[in-house]
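Structural overview
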Amino acid sequence: MNITLRIWRQRGPDQPGRMVAHQVEDVSPDMSFLEVLDVLNERLTLAGEDPVAFDSDCREGICGMCGLVINGIAHGPQAGVTTCQLHMRTFADGDVIDVEPWRAAPFPVVKDLVVDRGALDRIIQAGGYISTPTGSAPEAHSILVPKEDAETAFDAATCIGCGACVAACPNGSAALFLGAKITHLGVLPQGRPERHTRALNMISRHDEEGFGGCTQIGECTAVCPKDIQLDVISRCHGDVITALLHHREQRK
């Protein structure tokens, strides 16, 4: 396969960027999309040119580092996979493929396809954890968890924090990420004591970081590589409303 990659090139956060076309020849259909970028970068380096900066780590669809917008779709045209799991057999010989970074105000471009997703980390720091005394671990069966609650928590916990939901949302909202993190902690017994204050603190941080509001458009779940569903957003909003009502009652 011979393809053309039109890649967003930007030297730094304060520098102007533009789309630059790069020809890549002899592409195997079995190569992953990131491997094609590796091949391109090797050729650019040998030619004395600046290689394309992009994020990756595990290349197994686990870490969420490899976020790219490919032909206008976060993680590319294949549903339920991350960019590193996208293979070139998805495309055809002679295709022109646009490659861009996540486009959202809270994700400033560092260089080329690399963006700073530290805003998601700061949302977690605001409450995405369970406060528990240190010491010896409790006996495994001392806290019983209903099967339905366990399955809900596990489904939400599959979120890898890649930020595709933000990149796809017309409002630049991280509500799907936020809802997943709040849900997987809030439905378990260990996380229920802080359930409502956690939701309030995390959504407050979400807004402070500059993410937009959720209007239930659904673009987020359509591109989520882990198929997180919109019901986690409803649960998040419910917890926030409950927390606000509780605070109001305390002030009376």
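The structure under discussion appears in the preceding block.
What counts, and at which threshold
Residues numbered from 1 in each chain as written. Predicted model: local features only at pLDDT ≥ 70, side-chain atom pairs only at ≥ 80, totals over all residues. Heavy atoms only, no water. Helix = DSSP H or I, 4+ residues; strand = E, 2+ residues; numbered from the N terminus. Phe/Tyr/Trp six-rings, centres within 6.5 Å; stacked < 30°, edge-to-face > 60°. Buried < 20%, exposed > 50% of the residue type's maximum accessible area, 1.4 Å probe, protein only. Lys NZ or Arg CZ within 6 Å of the ring centre and 35° of its normal. Arc of directions from axis to C-beta. Salt bridge = Lys/Arg side-chain N within 4 Å of Asp/Glu carboxyl O.

1. Some points on the environment of Glu-148
Following the sequence through the fold, Glu-148 ends up in helix α3 (residues 147-157). C-alpha separation for the pair Glu-148 and Arg-59, spaced 89 residues apart in sequence, amounts to 31 Å.

2. With respect to the packing of aromatic side chains
Inspection of every chain in the model, using the stated rule, returns two aromatic pairs. Look at Phe-33 and Phe-91: their rings are 6.0 Å apart centre to centre, the planes differ by 50°, and that puts the pair in the tilted class. Highlighted residues: Phe-33 in helix α1 (residues 33-46) and Phe-91 in the loop between β4 (73-74) and β5 (96-100), separated in sequence by 58 residues. Each member of the pair, Phe-33 as well as Phe-91, carries the same accessibility label: buried. The interplanar angle of 80° and the centroid separation of 5.8 Å between the aromatic rings of Phe-107 and Phe-211 together place this pair among those described as edge-to-face. Within this pair, whereas Phe-107 is found in the loop between β5 and β6 (109-111), its partner Phe-211 is found in the loop between α6 (195-208) and α7 (219-223), the two being separated by 104 residues in sequence. The same class applies to Phe-107 and to Phe-211, which are both buried. Across the ring face of Trp-8, the terminal group of Arg-103 is positioned such that the distance to the ring centre comes to 4.3 Å.

3. Regarding α3
Buried residues of α3: Ala-150, Ala-153 and Ala-156, and no others. End-on view of α3: buried residues confined to an arc of 135°, all on one side of the axis. Those residues of α3 that are exposed and angled more than 90 degrees off the buried face are Lys-147, Glu-148, Phe-154 and Asp-155.

4. Here's the deal with unusual backbone geometry
At Arg-59, a position not held by glycine, the phi torsion is positive, near 55°. When you line up the elements, Arg-59 lands in the loop between α1 and β3 (69-70). Judged by its relative accessible area of 33%, Arg-59 is partly exposed. In the Ramachandran plot, Asp-227 falls in the positive-phi region, its phi being about 60° despite a non-glycine side chain. Structurally, the position occupied by Asp-227 is in the loop between α7 and α8 (231-251).

5. Some details on the pattern of salt bridges
Across all of its chains, the model carries 15 salt bridges by this definition. With a closest N to O distance of 3.2 Å, Glu-100 and Arg-103 form a salt bridge. For Arg-103, a relative accessible area of 39% gives the class partly exposed. The salt bridge involving Lys-147 is made with Glu-151; its shortest N-O contact spans 2.2 Å. One end of the pair is Lys-147 and the other is Glu-151, both in helix α3 and four residues apart, which spans about a single turn. By relative accessible area, Glu-151 is classed as partly exposed at 40%.

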